[in-house]
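Residue-level listing of the chains:
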Amino acid sequence: MAHAKAGAFLPVPNVQELAQTWNRSGEQVPDRYVRTEETGSDEVVAGCAIPVVDLSRLLDSRSSAEELANLGAACRHLGFFQLINHGVPDEVIQDVKKDITAFFNLPLEAKRLHAQAPGGLEGYGQSFVFSETQKLDWADMIYLMITPKEERDLRFWPARPPSFRGSLDRYAAEAARVAASLLRSMAADLGVEPPERLMEAFRGQPQSMRATYYPPCRQAGDVLGLSPHTDATALALLLHVNGVQGLQIRRDDGRWLAVDPIDGAFVVSIGDIMEILSNGRYRSVEHRAVVHPDKDRISATMFHQPCSDTTVGPLPELVKKDGGRARYKSVAYMDFMKSFFASKLDGRRSHMDAMRI
């Protein structure tokens, strides 16, 4: 995701409220949500595991070299992996899951107390709606800026349930620790010395979170919960809040790989920023979310991104290793984000192509 001030979107109807009445009717799904041109011919591959990385082994000198190779392979080949033994206390995870679920279960008028401001991204609503005619995702979300703390706008932080702000704060701190460990390991895998050369782009570790509610849809094959896209971040840590699967990753052969989440693991995705910084060694891969015909799905993604005043471009030492050839342009991060939002969430098909040299 991105800094909230980089985008501006139009308000659209609440999908959770729509689904509650529409699913009981005999009507067809509203045309603005029908995506059969994108879903009708897609082949989905199930039962293929994505790589698993063990953070405890990465941090243990006895196993770090072997696990570092495992991490590097995952980042280079698929751009996604499941992270186990990450050390985030189970009670921290369970608390944030409980409070996110409780928020989405509130009456609509209570959730709308934290609605997005006109033209803004932060708060409760939907994202990436640029026109009155574009197709819509079958989902609602709440998006919050978390770090730096001085950029938090507590108008958008739910006051109900009362424990929400505290549980999210604790969870965000743990996610930041995990992300910092992964970034240092990635610096080692890429051969960036000292690791601070990579970490400098993330000083203060800017964070944001998107929690998303995907209502059930009895025409689930005709809609999408989240349009295909890549993430304009460095790393994203996805938490499956209620265990219902929906994430799909685009394979090199064009087919979609359905991710079966491991209980207690984070699904980690490499974002566009890491692809650029690594000069193409790491991959930011297109992904999407589908919905279930009779079960709701809730997820929470913690995004870790560069500072707003950072210039994003391939690290010079990696360009040198590639014979002096930079594969990506260097641009101000906020200009990069403007390009990302202008792509209307169609990911690599426009936004990243414009970055390549």
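Fair warning: this is a prediction, and the values are worked out from it, not measured in the lab.

1. Here's the deal with the UniProt feature "domain: Fe2OG dioxygenase" (unreviewed entry) in the protein
Move 1: Under the local residue numbering, the UniProt record ascribes the feature "domain: Fe2OG dioxygenase" (unreviewed entry) to residues 205–306.
Move 2: With 6% helix and 40% strand, the stretch residues 205–306 has end C-alpha atoms that lie 7 Å from each other.

2. A closer look at the sheet that holds strand β1 (residues 44–45)
Move 1: Spatially, 5 strands are ordered β1-β10-β9-β12-β7 in an open sheet, and the strand pairing comes out mixed. Looking at strand neighbours, the two that pair on one side only are β1 and β7 (226–229), the edges of this open sheet.
Move 2: Bridge analysis of strand β9 (residues 247–250) against strand β10 (residues 256–258) gives 3 bridges, and the strand direction is antiparallel. If you follow Ile-249 over to β10, its bridge partner there is Leu-257.

3. Observations concerning helix α11 (residues 333–342)
Move 1: If you check which residues of α11 are buried, you get Tyr-333, Phe-336, Met-337, Phe-340 and Phe-341. Each buried residue of α11 lies within a common arc of 135° when the element is viewed along its axis, so the set occupies one face. Exposed residues lying more than 90 degrees from the buried face of α11 are Lys-338 and Ala-342.
Move 2: Buried positions along α11 lie against α9 (272–277), β14 (311–312) and β15 (331–332).

The rules behind the values
- Residues numbered from 1 in each chain as written.
- Predicted model: local features only at pLDDT ≥ 70, side-chain atom pairs only at ≥ 80, totals over all residues.
- Heavy atoms only, no water.
- UniProt positions renumbered as here; feature names shortened; annotations may be inferred.
- Helix = DSSP H or I, 4+ residues; strand = E, 2+ residues; numbered from the N terminus.
- Pairing = 2+ DSSP bridges.
- Buried < 20%, exposed > 50% of the residue type's maximum accessible area, 1.4 Å probe, protein only.
- Arc of directions from axis to C-beta.
- Contact = heavy atoms within 4.5 Å.

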